[in-house]
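# Report on the structure
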Amino acid sequence: MVICMEKVSVGIIGCGKISDIYLKNLTSIFSELIFVRAVADMISERAQAQAAKYLIPKVVSVEEMIRSDSIDIILNLTTPGAH
């Protein structure tokens, strides 16, 4: 029996050092289940760099990500003080 599932759409807030391992795994090992739709960071250059490195289609603001109807889960990778 084959069960077809729609991929879960994920947005990531925080593109610092720790984001590398998350993005690597989400876009490779778990890519059949998860689609990383967007990234956001207070420093837009960091978000742009991670989007380019991991072929993420969108760089958005945190507000845009929160309001998005196309993102199922938001993964917050910011430092505890930024939460």
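In short, a report on the structure. Just so it is clear, the model here is predicted, and its values are computed rather than measured. Residues take numbers from 1 onward in each chain, read along the sequence in its written order. For this predicted model, a pLDDT threshold of at least 70 governs which residues receive local features, and a threshold of 80 or more governs which side-chain atom pairs are given and counted, while totals over whole chains, interfaces and linings are taken from all residues. Calculated side-chain values reflect all of the structure's heavy atoms, with hydrogen atoms and water omitted.

Turning next to the side chain of Ser19. Numbering of helices and strands runs from the N terminus; a helix is a DSSP stretch of H or I covering at least four residues, while a strand is a stretch of E covering at least two. Locating Ser19 in the fold gives a position in helix H1 (residues 19-27). Here's how the labels work: a residue is buried when its accessible area is under 20% of the maximum for its type, exposed when over 50%, partly exposed in between, all with a 1.4 Å probe on protein chains only. Take Ser19: its relative accessible area is 0%, and that puts it in the buried class. When neighbours within four sequence positions are excluded, Ser19 is seen to be in contact with Gly14, Gln50 and Leu77. The contact rule is simple, with two residues in contact once any of their heavy atoms fall within 4.5 Å.

The next thing to look at is helix H2 (residues 44-54). In an α-helix there are 3.6 residues to a turn, and that puts residues three or four apart on one side. Considered for burial, the residues of H2 that qualify are Ala47, Gln50, Ala51 and Tyr54. Along the axis of H2, the buried residues cluster in a sector spanning 100 degrees; they form a single face. The outward face of H2, more than 90 degrees from its buried face, is lined by the exposed residues Glu45, Ala52 and Lys53. Packing partners of the buried residues in H2 comprise H1, strand S2 (34-40) and strand S3 (58-59). This arc describes the spread of directions from the helix axis toward the C-beta atoms.

It is worth spelling out the packing of H1 against H2 at this point. At a minimum axis separation of 11 Å, H1 and H2 run at an interaxial angle of 30 degrees. Comparing the axis directions of H1 and H2 gives the class roughly parallel. The handedness of the crossing between H1 and H2 is right-handed. Contacts from Ser19, Asp20, Leu23, Lys24 and Thr27 in H1 reach Gln50, Lys53 and Tyr54 in H2. Put simply, Ala, Val, Leu, Ile, Met, Phe, Trp, Tyr, Cys and Pro go in the nonpolar bin, Asp, Glu, Lys and Arg in the charged bin, and everything else, Gly too, in the polar bin. A per-class count over the contact of H1 with H2 returns 2 nonpolar, 3 polar and 3 charged. Axis lines are fitted through C-alpha atoms, for helices just across the contact stretch, and the angle between N-to-C directions can take any value from 0 to 180 degrees. Roughly parallel means an angle under 35 degrees; roughly antiparallel means over 145; roughly perpendicular covers 65 to 115; every other angle is labelled oblique. Helix crossings fall into two classes, left-handed where the near helix is turned counterclockwise from the far one by less than a right angle and right-handed where it is turned clockwise.

Within the open sheet, the 4 strands sit side by side as S3-S2-S1-S4. Their pairing is parallel. Looking at strand neighbours, the two that pair on one side only are S3 and strand S4 (73-76), the edges of this open sheet. What makes two strands pair is DSSP finding at least two bridges between them. Two strands pair when backbone bridges link them, and strand S1 (residues 8-13) and S4 are joined in this way by 4 bridges, in the parallel orientation. By the bridge assignment for S4, Ile12 is matched with Leu75. Packed onto the sheet, H1 meets S1, S2 and S4 and runs at close to 150 degrees relative to S2.

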